[in-house]
Number of protein chains: 2
Amino acid sequence: MKLTILGCHSATPRDNARPTAQVLEIKGHLILIDCGEGTQMALRKQRVKFARVKHIFISHLHGDHVYGLIGLISTFCLLGREQPLHVYGPKGIQEMIELQLKLGNSYMPFELHFTELEATKSVQIFEDDSITVSTIPLDHRVYTNGYLFKEKPNERHLDIVACEELNIEKAYYRKIKQGADYVRENGEVIPNERLTTDGDPAKSYAFCSDTMYKEDIITHIKGATALYHESTFLKQHEDLCKKTKHSTAAQAATIAKKADVGMLILGHYSSRYKSYDMFTDEARPIFENSHCALDGKVFEI
Amino acid sequence: MKLTILGCHSATPRDNARPTAQVLEIKGHLILIDCGEGTQMALRKQRVKFARVKHIFISHLHGDHVYGLIGLISTFCLLGREQPLHVYGPKGIQEMIELQLKLGNSYMPFELHFTELEATKSVQIFEDDSITVSTIPLDHRVYTNGYLFKEKPNERHLDIVACEELNIEKAYYRKIKQGADYVRENGEVIPNERLTTDGDPAKSYAFCSDTMYKEDIITHIKGATALYHESTFLKQHEDLCKKTKHSTAAQAATIAKKADVGMLILGHYSSRYKSYDMFTDEARPIFENSHCALDGKVFEI
C-alpha cells in the first residue's frame, strides 16, 4: 500500500497548505479519499496518473473535503474519460454534483455512479476480489464517515520443498495457495498445513477525518496497519475541539494506542500552529509510531 | 484602474495555469470577475486584500469560471466576514451556491445577495456614485455575459487662477467642479467653462470571456479604455472556434480594432500552445496595442 498526501490542512486552502485529499494505492486500485478545492492541481503536481482513479470516497460535505470534486469530474469530462467513476459520500453529494454539471451543460462521456450514505453504523460499501471498504461513523458537525480500506487475506506461501517431496502436481499449486488440501487419486488427503506457510498479512488503512474524540472508532479500526486520524488542534486548545468537533494530537494518539494500530498519521492541522513537530511531540509519548502528514508526502505502508 | 490577472487559462486548471479570474480596482471598488477553481489561493498568492471584495461578477457557469466561488464564499464565512457580498451571474448560480452551503451546514455571518441574469440584451446591473456595470451579451455554448465596468464622468478641473481673479467663494468650488455655474448675489452668472477645464476622461474596462466572434459586442464596448477578449485559439484552429464557440487572437484583435478601444488584453489560452507570443504575434498586425494576460500579471489601465 502506498498513501500519497495531496493535502492535509484544515479550513481555508492556500497553495502551500492544501485541504484534505489523499490517494491510496492498494492491490492495483488507485483510490481518492476526500477532494478539497485544488485537488486536481495537486494530483498533477504529484504526477499521479489520476485517470486510473475509479473510486472516490468523500468523508463529509464541508468545503475543505469536497469542493474540488466537481472540478475533477469536469476535467474527466474534458479529457474524454470513458470508464465509469464511482463516488461514495453523504446523502446530498449526488444532487450537489449533478446540479453543477447540469448548469454547466456538461457532456458526460462516462458513467458517474453515486453511493449515498446515511447509515450511522459501520457498513461495508465496496468489495471485489482483493479489497473491501467499510465506513467508520465519525462525530463531527455534519454527517461524516471515515473509511476502512482492507486487503483481503493474501494467498498462502507454497512450501516448494514439501510439495516436491510429496509429489504434488503443479496444476494444483494455485488451489493449494488458496488454502485447499491436496487429494491423491487413491483418496489420500495431504492437509494444506503440510504444503504451505501463512501468507503475508493483509494490510488495512483507516482514514478518520473529521471527528471529535470517539472511542467507538476503536472497534472498527482495531489492528489496522495504518491509521490517519485528524489532529486539528493541540492539547492547549482542547476547548476548541469540543466546540468545533475536532481532535487533538493527543486524542488521535490515544485512539491509535487503544486500537493497537501499526502506525499513526496526523493531519488536518489548524493554521494557527507554526510547526508540525508540535503534533508529533504531543502524540509520541502516547503512541510512539506517530508521523505528520505533509502535502506531497508519500507513506509506504 | 488596476487589473490583476489571477488566472487566464482555459479548461483544466494547473498550479501554473490557473482558470479565469481577475480583480479590478476601479474608483475604490475591488471587484472580482469570474472565479475558477483555486481563485482564493491565487488571491492569497497575489496578496490581494480580498476581504475588500463586495461585488463578484460571473460570466457563465462553466467550471473554469465559477468552481472557485463556493470555496471563496466558505472562506468568507470562516473568516467571519460581516459586510454583505453581491454576486452577479447567470440564472442558477444562486441555487448552485446555496445548495452547497446548505449541505455543508454553513453558518453565514454576512448577507449574500444574488442578482441572477437571463436577459439577452445588454442591461445595466450596478450603479453607484462612481461607476456603472452593464452586461455584454456573448455567444458561447451556455448563457454567457461579458461585463462593462465604467467610471462615471470625473469632476472638472478647477482653474484656480480664474476663480481667484473672479473672486469665487471657496465654498462653491465643489459644486463648480461638478459642473455648476457660479451665480453672484447680484444675479450675475459666471459660466462653468470660465472656471474649469475638462476633467480626466472616465475610463472603462470591458471583459469578454467566453465567446465566439460576435460583432454585436462592438457597440457595447465602443471606445473602452481596455478590452479583455478571450483568444482560446490561434487562426490555425479556427474550426475549433466554431465547434466550441471560442475566438482566435485575430478575431479578438478585429473586435478591438472595430470598437476602437485603447488596449487589448488576450487570454483564456488553450493548453495546446506552448508560447504566449504566438497570440500577440497574431493580434498585433490587426490591433497594435495587444498584450497577453498572464497569471499574476498586473495591468495599470
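Just so we're clear, the structure is a prediction, and the values are computed from it rather than from any experiment. (Residues numbered from 1 in each chain as written. Chains lettered and ligands numbered in written order. Predicted model: local features only at pLDDT ≥ 70, side-chain atom pairs only at ≥ 80, totals over all residues. Heavy atoms only, no water.)

Caption draft 1: Main features of the overall build of chain A. A count of helices and strands for chain A gives 10 helices and 18 strands. Projected onto its principal axes, the C-alpha positions of chain A cover 70 × 55 × 35 Å. Residues counted as buried form 56% of the 301 residues belonging to chain A. Long-range pairs, those at least 24 residues apart, make up 63% of the contacts in chain A with a sequence separation of at least 6. When the accessible surface of chain A is summed, it comes to about 13300 Å², and 47% of that surface belongs to carbon and sulfur atoms. (Helix = DSSP H or I, 4+ residues; strand = E, 2+ residues; numbered from the N terminus. Buried < 20%, exposed > 50% of the residue type's maximum accessible area, 1.4 Å probe, protein only. Contact = heavy atoms within 4.5 Å. Areas by Shrake-Rupley, 256 points an atom, 1.4 Å probe, with all protein chains shown as cover.)

Caption draft 2: Expanded view of the pattern of salt bridges. Within this structure, the stated rule accounts for 18 salt bridges over all chains. Between Asp-15 of chain A and Arg-18 of chain B there is a salt bridge; the shortest N-O distance is 2.4 Å. On the criterion of chain membership, the pair formed by Asp-15 of chain A in the loop between β1 (2-7) and β2 (21-26) and Arg-18 of chain B in the loop between β1 (2-7) and β2 (21-26) is interchain, its members lying in two chains. By relative accessible area, Asp-15 of chain A is classed as partly exposed at 24%. With relative accessibility at 6%, the residue Arg-18 of chain B sits in the buried group. For Lys-258 of chain A, the salt bridge identified is with Glu-215 of chain A, shortest N-O distance 2.7 Å. In this pair, Lys-258 of chain A is assigned in helix α9 (residues 249-259) and Glu-215 of chain A in the loop between β14 (204-208) and α7 (217-221), connecting sequence segments 43 residues apart. (Salt bridge = Lys/Arg side-chain N within 4 Å of Asp/Glu carboxyl O.)

Caption draft 3: Fine view of the UniProt feature "binding site: Zn(2+) 1" (unreviewed entry) in chain A. Residue and element names in this part refer to chain A. Under the feature "binding site: Zn(2+) 1" (unreviewed entry), the UniProt entry names His-60, His-62, His-140 and Asp-210. With the annotated positions falling across 151 residues, the maximum pairwise C-alpha distance of 10.4 Å places them together in a single cluster. Mapped onto the fold, His-140 is located in the loop between β8 (131-137) and β9 (145-151). For His-140, a relative accessible area of 6% gives the class buried. The contact partners of His-140, leaving out residues within four places of it in the chain, are His-60, His-62, Asp-210, Thr-211, Thr-244, Lys-245 and His-246. (UniProt positions renumbered as here; feature names shortened; annotations may be inferred.)

Caption draft 4: Inspection of the interface of chain B and chain A at higher detail. If you look at the interface, chain B gives 33 residues, while chain A gives 33 residues. Overall, the association of chain B and chain A removes approximately 3000 Å² of surface from exposure, summing both partners, and the carbon and sulfur fraction of that is 58%. When the area that chain B buries against chain A is broken down by residue, the three leading residues are Glu-37, Met-41 and Tyr-67 of chain B, summing to 23%. Scanning the region where chain B abuts chain A turns up two salt bridges. Here chain B and chain A share 13 residue pairs in polar contact (both at pLDDT 80 or more) between them. (Buried area = accessible area lost by both parts, 1.4 Å probe. Polar contact = N/O pair within 3.5 Å; in protein donor to acceptor, adjacent residues only side chain to side chain.)

Caption draft 5: Molecular detail of the domain arrangement of chain A. If you check the domain split of chain A, you get domain 1 (2-154 + 200-300) and domain 2 (157-197). Computed from C-alpha coordinates alone, the two centres of domain 1 of chain A and domain 2 of chain A are separated by 42 Å. (Domains from an automatic or database assignment.)

Caption draft 6: Just unusual backbone geometry, in detail. Cis geometry marks the peptide bond from Ser-209 of chain A to Asp-210 of chain A, where omega comes out at -5°. Following the sequence through the fold, Asp-210 of chain A ends up in the loop between β14 and α7. The phi torsion at Asn-167 of chain A lies on the positive side, around 55°, for a residue other than glycine. Owing to a relative accessible area of 61%, Asn-167 of chain A belongs among the exposed residues under this scheme. Even without a glycine there, the phi angle at His-268 of chain B is positive, about 65°.

Caption draft 7: Looking closely at the packing of helix α3 (residues 69-78) of chain A against helix α4 (residues 93-103) of chain A. All names here are of chain A. At a minimum axis separation of 10 Å, α3 and α4 run at an interaxial angle of 50°. Viewed along their axes, α3 and α4 adopt a mutual orientation that is oblique. The hand of the α3/α4 crossing is right-handed. From α3, Leu-69, Ile-70, Ile-73 and Ser-74 reach across to α4, where they touch Ile-93, Ile-97, Gln-100 and Leu-101. Broken down by class, the residue content of the contact of α3 with α4 amounts to six nonpolar, two polar and no charged. (Axes fitted to C-alpha atoms, helices over the stretch in contact; angles between N-to-C directions. Parallel < 35°, antiparallel > 145°, perpendicular 65-115°, else oblique. Left-handed = near helix turned anticlockwise from the far one by under 90°. Nonpolar A, V, L, I, M, F, W, Y, C, P; charged D, E, K, R; others polar.)

Caption draft 8: Structural view of the environment of Ser-10 of chain B. Residues and elements named next belong to chain B. Its place among the elements puts Ser-10 in the loop between β1 and β2. Between the C-alpha atom of Ser-10 and that of Thr-232, which follows or precedes it by 222 residues, the distance is 7.0 Å. Beyond its immediate stretch of four places on either side in the chain, Ser-10 contacts Asp-64, Thr-232, His-268, Tyr-269, Ser-270 and Ser-271.

Caption draft 9: Structural context of a negative patch on the surface. Together, Glu-95 and Glu-98 of chain A together with Glu-95 and Glu-98 of chain B make up a region of like negative charge exposed at the surface. Residue assignment for the negative patch shows that the elements contributing at least two residues are α4 of chain A together with α4 (93-103) of chain B. Along the chain, the position of Glu-95 of chain A falls in helix α4. (Patch = residues over 30% accessible without salt bridge, like charges linked within 9 Å, V, L, I, M, F, W, Y side chains within 5 Å. Lys, Arg positive; Asp, Glu negative; His and termini not counted. Charge placed at Lys NZ, Arg CZ, Asp CG, Glu CD.)

Caption draft 10: How the structure looks around the UniProt feature "binding site: Zn(2+) 2" (unreviewed entry) in chain A. Residues and elements named next belong to chain A. Sites flagged by UniProt as "binding site: Zn(2+) 2" (unreviewed entry) map to Asp-64, His-65, Asp-210 and His-268. Taking the farthest pair of C-alpha atoms as the criterion, the annotated set spanning 205 residues converges on one region, since that pair is 10.6 Å apart. Among residues more than four places away in sequence, those in contact with Asp-210 are His-60, His-65, Leu-138, His-140, Thr-144, Glu-230, His-246 and His-268. A polar contact of 3.0 Å, which involves the side chain of Asp-210, links it to the side chain of His-65. Checked against the element boundaries, His-268 lands in the loop between β16 (263-267) and α10 (277-283). His-268 sits in the buried class, given a relative accessible area of 1%. Among the polar contacts listed, one links the side chain of His-268 to the side chain of His-65, at a separation of 3.2 Å.

Caption draft 11: Spatial organisation of the relation of the copies chain B and chain A. Least-squares fitting of chain B to chain A yields an RMSD of 0.1 Å, with the superposition described by an axial translation of 0.0 Å and a rotation of 180°. Expressed as a symmetry operation, the mapping of one chain copy onto the other fits a two-fold axis. When C-alpha positions in chain B are compared against the rotation axis, the closest is assigned to Gly-38 of chain B, at 2.9 Å. Comparing interface residues between copies, 100% of those in chain B also lie at the interface in chain A; the contact surface is shared. (Least-squares fit on C-alpha atoms with pLDDT ≥ 70 in both.)

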